[in-house]
Each structure stands twice: as structure tokens, then as C-alpha cells.
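Architecture at a glance
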Amino acid sequence: MTFRKSHPLIKIVNSTLVDLPSPANLSVNWNYGSLLGLVLVIQLVSGIVLATRFSGHSDISFDSVISIYQDSNYGWLLRLVHSTGASFFFLFIYLHIGRGLYYGSYIYPEVWNIGVLIYLILMGTAFLGYVLPWGQMSYWAATVITNLLSAIPWLGSILVEWVWGGFAVGNPTLTRFFALHYLLPFVVTALVILHIFYLHLYGSSNPLGVSSNTNKVSFHYYYSVKDLYVYFVFFFIFMFFTLKYGYSFMDAENFIPANPLVTPTHIQPEWYFLFAYAILRSIPNKLGGVLGLVLAVMVLFLFSISSTQLLFSGTIYSPLARLTFWSLVSVFFLLTWLGSCPAESPYTEVALASTIAYFSLMVIMCVWPHVSTYLYLKS
Amino acid sequence: MFKLFTSKKVAKNLAIGLASASTATGLGLALALNVDLFASDHGCYPAKYPWFHEGMFNTFDHASVRRGYEVYKQVCAACHSMKYTYYRHLVNVSHTEEEAKAEAAESMVTDGPNEEGNMFQRPGKLSDLFPSPYPNDEAAKAANGGALPPDLSLIAFARNNGTNYIFSLLTGYQDPPAGVETKEGLHYNPYFNGGWIAMAKALYDEVIEYSDGTPATASQLAKDVTEFLRWSAEKSHDEKKKLLLKTMLIFPPILALFYVYKRRVFTVLKSRKIVFNPNATGKSTGSGSAHH
């Protein structure tokens, strides 16, 4: 037996990246996972280096970020890479989830549920990171989001002050946010390893949606070369966006130091949270809005219920399911746009209708494969 | 039958084309209306000006940055601080090291404590920040009718559409429209949020004299100081553009080579042909035989 198959550690790498039997017909939609792995590494490395120069104290946090990008060697590049990297992280997450919904990847419950958990933790990590530069939008985003906890009956106000570490968002909040922002990516990394472990237990799905057991190729050379090629394409696009449009991803308000006495005219999150923000604002009740926000992501867990019993998953065998999928994508874009609009008529009404459409389409997409399976078995 | 198929295909393509075109038009219209909406929210939307540094591989116009510094120093610095900009930042950007040292030495900086424990005044050095006109925000407000002149170090990033906004604001002062009452201590400027700004018009033709002899028209002064403020917001801009140029030069050939290699690796897989013939019994055309 060759060394790579016999060594106790190397054989794990071998079964993951070399001899892994992979479907022969994977399209580019199966590249988002490996791209997410790459972006995670980029974020970890750039983040750890940035942390060596960052001061997590509300008096000097803003100044330390400015100092990083104008006074330290290539500090500007690290900061741009880290902030643009967050945008690409979410871009690939959404494409990855979209691919999963379209091709029915939720038939592997462990892989799917760990993936949704990673997405949830990632949203938290991104939010915590957004607070660290302590600009106006950082401060007010922290205020708005932490205040959501106050909607919880009985415990709300106690929880909010516990999270703040005081009676308002302040230095204790920033310090703990920094600590958690440093910690959570390692939790994500651990979950990613579990995600891949379970994926390789079952094997990748493929664009045809049928078993690929009769049509496998080894991961190396085919997909190792393809992944590397896509990595280079990504690096090119990523560097172009970072160097040409890096600052366009940042909110102008965040170049103004945090000021608890001045509220920005429009408080809005980064583009990747706008859809959830629109859902939050569309429901004219605080607790309802918070529940809507949480459910907007948690609804993905529904897909894994009894999914192993499905004969049909995803949308590829049903034009109606495809229509539902693309309607969901359209509603997602619409909500993203609405999240950037002021909370006034007619946006609020359209946002409410879009929120109802979002959840309805999600439920239809979730139930549809079960209905198809039931009808097929009945016939 | 073939004709019907063809016409159906054409009709389908046409329908997809029309749907895509109408979606794109709709999205474009929504975006355009959206921009106008936010413009009305924040005052007049500034026109887009052809800033030299906005070219894909262009650096700052350094002569303009130097003139802009002169405008800041002689006009803006009376009220606005630049607390994130050091004199050393000017070296090899708009000034030589000697010139920057001389500029720094013109300001007096409080330093100390000395050996007797007292603070003292000394001429500025390259490692000093630009001096602030007021000791604190309260003093700045008291001297400006309650309005706080913002720090200008990052102002080009701290305003939406920064460079165009600053230029438009500086050149946009005008009389209020007929029927609109003037406000005590405020000045009408349609580019400012709400239309009334505490800062009076500061840039007039020949309000200063440029050291390089450039005619100091009001619009020239506004353009130069905007370029200077844009540089101040992103002092690594030129280095960034150099890296962008390297990226654009290095990646395409690597990608092209990698693409060919990837195609080569996949050639066998892509050109496989699986023939399924359930009626065949002979060895030569057996079911499931694959041809490369």
C-alpha cells in the first residue's frame, strides 16, 4: 500500500483531496464550497494580522484603524482584503445555499444543518467585526441590533444590558465584541471540518440529481486542477474589486468616529444583511420583526426534516419548482433593495408583501419534494 | 416538423430575450429612480466630474494636491482640523523632505513635559500632525455659531460621492430661490443636506496666490483642495493603483495558461461518449461501450 494510503494522518488528506471518488459531471456550481474554504483562510490570515495592530478600546479603536491603513506597511491592503473578503464570503454563501436549494442538497441532513449553522455563526461574526472600527455606522448598528434582544418578553431589557456590559453600547461592548469576533471564526473552521466530513461520508451530489456511483473520477487531478483554476480566477476578480472598488463597499458614515449623540440619517447594514434587515423592518411589531429576522435564516433548517426519505429533491425535475426557486431569488433581490430604502411608504408595504412572499416560497420549496414523492408513490 | 421546432425555439429565445430586456430596463429604471430619491433626501445630487485619479491606472494629480494643500493651509485651516494627517505624509507626495520640514516648522506645537515638568512650545517637525485651529470641539462650536466644522482628514470618504460632493458644495453657493426666506447665520447651498449651511462661501477668484503661478479661479481652488482632501482620505491610493496594474498584467497570462491546462486535464472526461444499445448482442456494439 502506498504511503499516502497507509499513514494515519496523510490518509485522511488522501481520502479528502486525492483519491476521493467524485462525480464526473460537477459544474462550476460545485466550486462555491471550495471557494468558501479559501475565503475563510483569507479572512483568518488577514484578520489575525490586523488584530496584531488593532486596539479594541472605544477611545482609540477608530484611530487605530486609521493608523493601520495609513501608517503600517500594507495595512491598507490587509484592511481592504478583510472588508471585501467579508462581501465575497456572503456572495459565495448565498450562491452555495442557492445551489443547495436548486439541486436539493438538503437530502444529507447533517451536511445541510451544519451548513446552516455555519451561515448563522458567520452572520454573527460579520456583525461583530463591523462594530470594531467604531465609526458611526458601527456604533449605531451595534445599538440597533443589540436592542433587538429587548423584544424578548420578560428578559429583554436584562439581556440587552448584559450584552452591552453597561447601560448603553460602550467600551465593554466593543471589548467583548472583539474577543468574540476573534473566537467565532475558529468555531466556524471546526464546523467546516465537520461539514466536509459528513459530505465525504455521503459523497457530493451532482447536477443530474441521480446517483453518480457508476460515473466517478478521482478528485486529483480532475477537481484539484479545476479548484486551483477557479481559485486563480477568483483571486483575479477579488484583487480587482479590492483594489478598484474596495472603499465602495464601505459606508461613508463609518469614516466618522462613533458619536452617541448624533444618529445617522439612514442606518443600514452592509449589502449582505439587507434582505434580513428589510424583513425585520417590514413587520410592524418589534417582537414580530425580530422573529421574522431569525426565521428568515432558521427556515432553512426546515428543508432537512425527513429529507432522507425523499425520492425527488431540489427543482431539476419540476418546472414549477424551478419557477418557485427563481421567484425566491427575485424576492431576495427585491428585499435586498428594500433594505436600503427609507422605512416609509410605499417601501414598507412592498417590504411586507415581499416578506410574506419570501416565507411562502420557502415553505413551498420545502414541501414540494415531499408532495412529489407522495404523489409518485401513490401512483 | 423541423420548421415547427425551429420556430418554437426562435419564439422561446425571443420570449427569453424580451423578458431579460424588460427586466434589465425595469432594474435600470428602479436604480435611476432610487438614486434620484436619495438625492432629494440629501440635497442636490452632485454632477460627476472627470477626476484624473479615477482612471483605472491613474495616480493623483500631484501638482493639484500641492496646490490643494496651499488652499487648505491658507483658507480651510482657519476653521477645519486634519487630525489624521502628519507633515511626513507630504514628503514625496506634494513636497520634498526639506519643503515639508519647512512647512512643519511654521506651526508651533505644544510638547513636554520638560525636565522641570512644564509643557513648552516648539516649532513643528515632520512627525507632527497638522495643527488644529481649536483646542476642542466646544471651542470650535463656540467660534462658529454653534456649528462644528468637521475634521477634513477623511472627509472625502465620510460623505457619499465624496469628491464630487465637496467640489459641488464649494462651488454651489447661490442666492436662495425666490420666496425662500434667508436664515440668520446660515448660507444657501443646494448641495448641502437641507440647503442651509453654516460655512460661508470661502473660495473666490484670486483669494490666494498659487506658488506655481496657476490662475487661482474659484473653481480651480475648489478642484485642487478637493484633490488634496481625496489624497488625505487615502494616502495609499497611488500604491494601490500600482498593485492593481501589476494584478491586471500578471493574472491574465497565468489564467490563460491554467485554463488550457485545465481543459487538457478534462479532455478525456469531456470527450467521452457512452452508447447504450439494448438490442445489440454482438461484441463490437455491446451495450454501455464507451468511445473516446
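Every chain's residues receive numbers from 1 upward, in the order its sequence appears when written. Starting at A for chains and at 1 for ligands, labels are handed out in the order in which the entities are written. Note on the predicted model: pLDDT of at least 70 is required for a residue's local features to be given, and 80 or more for side-chain atom pairs to be given and counted; whole-chain, interface and lining totals, by contrast, use all residues. Note that water and hydrogens are dropped before the side-chain values are worked out from all heavy atoms of the structure.

Under an unreviewed UniProt entry, the name given to chain B is Cytochrome c domain-containing protein, and the organism recorded is Brachionus calyciflorus. UniProt positions are given in the numbering used here, feature names are shortened, and annotations may be inferred rather than shown by experiment. Per its UniProt entry, chain B bears the Subcellular location (unreviewed entry) comment "Mitochondrion inner membrane". Regarding chain B, the UniProt comment filed under Sequence similarities (unreviewed entry) reads as follows: "Belongs to the cytochrome c family."

As recorded in an unreviewed UniProt entry, chain A goes by Cytochrome b and comes from Brachionus calyciflorus. Per its UniProt entry, chain A bears the Function (unreviewed entry) comment "Component of the ubiquinol-cytochrome c reductase complex (complex III or cytochrome b-c1 complex) that is part of the mitochondrial respiratory chain. The b-c1 complex mediates electron transfer from ubiquinol to cytochrome c. Contributes to the generation of a proton gradient across the mitochondrial membrane that is then used for ATP synthesis." Annotation of chain A in UniProt includes, under Subcellular location (unreviewed entry), the sentence "Mitochondrion inner membrane".

1. Description of the overall build of chain A
Helix numbering and strand numbering both begin at the N terminus, where a helix is a DSSP run of H or I of at least 4 residues and a strand a DSSP run of E of at least 2. A count of helical and extended segments in chain A gives 14 helices and two strands. Here the C-alpha radius of gyration of chain A, 22 Å, is about what a compact globule of 379 residues would show, namely 21 Å. When its C-alpha atoms are laid out on the principal axes, chain A stretches across 65 × 50 × 40 Å. We call two residues contacting when some pair of their heavy atoms lies within 4.5 Å. Across chain A, every contact between residues at least 6 apart in sequence was considered, and the portion connecting residues at least 24 apart equals 78%. Radius of gyration here uses only the C-alpha atoms, and the compact-globule reference equals 2.2 Å multiplied by the residue count raised to the power 0.38.

2. Let's talk about the UniProt feature "domain: Cytochrome c" (unreviewed entry) in chain B
Under the feature "domain: Cytochrome c" (unreviewed entry), the UniProt entry names residues 63-170 of chain B. For residues 63-170 of chain B, helix accounts for 38% and strand for 7%, while the C-alpha atoms at its two ends are 20 Å apart.

3. Observations concerning the interface of chain A and chain B
Facing 39 residues of chain A, the contacting portion of chain B comprises 39 residues. Buried surface at the junction of chain A and chain B, summed over both partners, amounts to about 3700 Å²; 71% is from carbon and sulfur atoms. Counted as salt bridges are all cases of a side-chain nitrogen of Lys or Arg within 4 Å of a carboxyl oxygen of Asp or Glu. The tally of links from chain A across to chain B stands at one salt bridge. Residue Arg88(B) is joined to Asp71(A) by a salt bridge in which the shortest nitrogen-to-oxygen separation is 3.3 Å. We call two N or O atoms a polar contact when they sit within 3.5 Å, provided that within protein one can donate a hydrogen and the other can accept it, with sequence-adjacent residues counted only if both atoms are side-chain atoms. Across the contact surface, chain A and chain B share nine residue pairs in polar contact (both at pLDDT 80 or more). Counting residues per element, the ones that place at least two in the side of chain A that touches chain B are helix H4 (61-71), helix H5 (75-103) and helix H10 (219-245) of chain A. Ranked by the residues each element gives to the side of chain A that touches chain B, the list is headed by H10(A), at 15 residues. When residue character is reported, Ala, Val, Leu, Ile, Met, Phe, Trp, Tyr, Cys and Pro are called nonpolar, Asp, Glu, Lys and Arg charged, and the others, Gly included, polar. Its residues placed into classes, the side of chain A that touches chain B shows 31 nonpolar, four polar and four charged. Accessible surface is computed with a 1.4 Å probe, and the buried area is the amount of it that two parts give up when combined, taken over both parts together.

4. What about empty space enclosed by the protein?
Residue and element names in this part refer to chain A. Only protein atoms enter the 1 Å grid used here. Points where a 1.4 Å probe fits but cannot escape make up a cavity, open sets with protein on both sides within 12 Å along at least five of seven lines make up a pocket, and a residue lines them when an atom lies within 4 Å of a point. Grid points are joined across faces, edges and corners, and a volume is the space filled by probe spheres set on the points. A full pass over the atoms with the stated rule returns four cavities of 30 Å³ or more. Quantified by volume, the largest cavity comes out at close to 800 Å³. Around the largest cavity, the lining is made up of 34 residues, and of these His82, Ser83, Gly129, Tyr130 and His181 lie nearest the centre. Those elements giving two or more residues to the lining of the largest cavity turn out to be helix H3 (32-51), H4, H5, helix H6 (109-131) and helix H9 (171-202). The biggest single contributor to the lining of the largest cavity is H3, with seven residues. Taken together, the residues of the lining of the largest cavity break down into 23 nonpolar, eight polar and three charged. Every residue along the wall of the second largest cavity is listed here: Ala278, Arg281, Ser282, Leu338, Cys341, Pro342, Ala343, Tyr347, Thr348 and Ala351. For the lining of the second largest cavity, the secondary structure elements donating two or more residues are helix H11 (274-282) and helix H14 (347-378). Its residues assigned to classes, the lining of the second largest cavity comprises seven nonpolar, two polar and one charged.

5. A look at the UniProt feature "binding site: heme c" (unreviewed entry) in chain B
Residues and elements named next belong to chain B. UniProt tags Cys76, Cys79, His80 and Met199 as "binding site: heme c" (unreviewed entry). Maximum C-alpha separation among the annotated residues is 10.7 Å over a sequence range of 124 residues, consistent with a single clustered spot. Position of Cys76 among the secondary structure elements: in the loop between helix H2 (62-74) and helix H3 (97-105). Each residue touching Cys76, except ones within four places of it in the same chain, is listed here: Val71, Leu152 and Val225. Apart from the residues lying within four places of it in its own chain, the contact partners of Met199 are His80, Leu170, Tyr173 and His187.

6. Quick word on a nonpolar patch on the surface
Taken together, the side chains of Leu302(A), Ile305(A), Val363(A), Val367(A), Val371(A), Tyr374(A) and Leu375(A) define a hydrophobic patch exposed on the protein surface, amounting to about 600 Å² of accessible area. Structurally, the position occupied by Val371(A) is in helix H14. Surface patches are defined over residues having more than 30% relative accessible area and no salt bridge, joining like charges when they lie within 9 Å and nonpolar side chains (Val, Leu, Ile, Met, Phe, Trp, Tyr) when within 5 Å. Method for areas: the Shrake-Rupley scheme with a 1.4 Å probe, in which residue coverage is limited to the protein chains shown.

7. With respect to the environment of Ala143(B)
All names here are of chain B. For Ala143, the location among the structural elements is in helix H4 (residues 137-143). Residue exposure (1.4 Å probe, protein chains only): buried if accessible area is under 20% of the type maximum, exposed if over 50%, otherwise partly exposed. The exposure class of Ala143 is partly exposed, given its relative accessible area of 49%. For the pair Ala143 and Lys125, spaced 18 residues apart in sequence, the C-alpha separation works out to 28 Å.

8. A word on the packing of aromatic side chains
Residues and elements named next belong to chain A. Two aromatic rings from Phe, Tyr or Trp, using only the six-membered ring of Trp, form a pair when their centres are within 6.5 Å; if the ring planes differ by under 30 degrees the pair is stacked, by over 60 it is edge-to-face, and anything between is tilted. Tallied over the entire structure, the rule returns 65 aromatic pairs over all chains. Ring geometry for Tyr94 against Phe332: centres 5.0 Å apart, planes inclined by 65°, an arrangement best described as edge-to-face. Linking Tyr94 in helix H5 with Phe332 in helix H13 (residues 319-339), this pair joins segments that are 238 residues apart in sequence. The pair Tyr94 / Phe332 is uniform in exposure class, with both members buried. When the ring of Phe332 is compared with that of Phe333, the centres are 6.3 Å apart and the planes differ by 80°; the resulting orientation is edge-to-face. A relative accessible area of 55% means that Phe333 is categorised as exposed. Three or more aromatic residues joined by ring pairs form one cluster here, namely Phe90, Tyr94, Tyr119, Trp271, Tyr272, Phe273, Phe275, Phe332, Phe333, Tyr358 and Phe359.

9. Remarks on the environment of Ser354(A)
All names here are of chain A. Within the fold, Ser354 resides in helix H14. Separated by 107 residues in the primary sequence, Ser354 and Tyr247 place their C-alpha atoms 30 Å from one another. Ignoring sequence-local partners within four residues, the contact set of Ser354 consists of Val331, Leu334, Leu335 and Leu338. Of the polar contacts made by the side chain of Ser354, one reaches the backbone oxygen of Val350; its length is 2.8 Å.

10. Concerning the confidence of the model for chain B
Confidence in the prediction for chain B averages 87 pLDDT; 82% of positions are at 70 or higher. Both confidence scores are given for the complex: pTM 0.90, ipTM 0.91. For every residue, the predictor states its confidence as a pLDDT score lying anywhere from 0 to 100.

11. Considerations on the UniProt feature "domain: Cytochrome b/b6 N-terminal region profile" (unreviewed entry) in chain A
Mapped onto this numbering, the UniProt entry annotates "domain: Cytochrome b/b6 N-terminal region profile" (unreviewed entry) at residues 1-208 of chain A. Across residues 1-208 of chain A, helical content stands at 72% and strand content at 1%; the span's end C-alpha atoms are separated by 35 Å.

12. Re the nonpolar core
For this analysis, a nonpolar core means a set of buried residues of the types Ala, Val, Leu, Ile, Met, Phe, Trp, Tyr and Cys, connected via side-chain atoms within 4.5 Å. If you look at the biggest cluster of nonpolar residues, it comprises 163 residues, and the most contacted ones within it are Leu101(A), Tyr119(A), Phe275(A), Tyr358(A) and Phe228(B). Sort the elements by how many residues they give to this core and H5(A) lands first, with 15 residues. For the domains described, the bounds stem from an automatic or database domain assignment. Taken domain by domain, this core gets at least three of its residues from each of domain 1 (21-206 + 215-263) and domain 2 (268-378) of chain A. Ignoring any residue separated from it by four or fewer positions in sequence, one finds Phe275(A) in contact with Tyr94(A), Tyr119(A), Ala296(A), Phe332(A), Leu335(A), Thr336(A) and Tyr358(A).

13. Considering the UniProt feature "binding site: heme b b562" (unreviewed entry) in chain A
Residues and elements named next belong to chain A. The UniProt record marks His82 and His181 with the feature "binding site: heme b b562" (unreviewed entry), using the residue numbering of this structure. A maximum C-alpha distance of 12.9 Å among these annotated residues, which run over 100 residues, shows that they cluster at one spot. When the annotated set is filtered for residues lining the largest cavity, what remains is His82 and His181. Counting through the fold element by element, His82 comes out in helix H5. Aside from chain neighbours lying at most four places away, what touches His82 is Gln43, Ser46, Gly47, Leu50 and His181. Checked against the element boundaries, His181 lands in helix H9. The contact partners of His181, leaving out residues within four places of it in the chain, are His82, Thr125, Leu128, Gly129 and Leu132.

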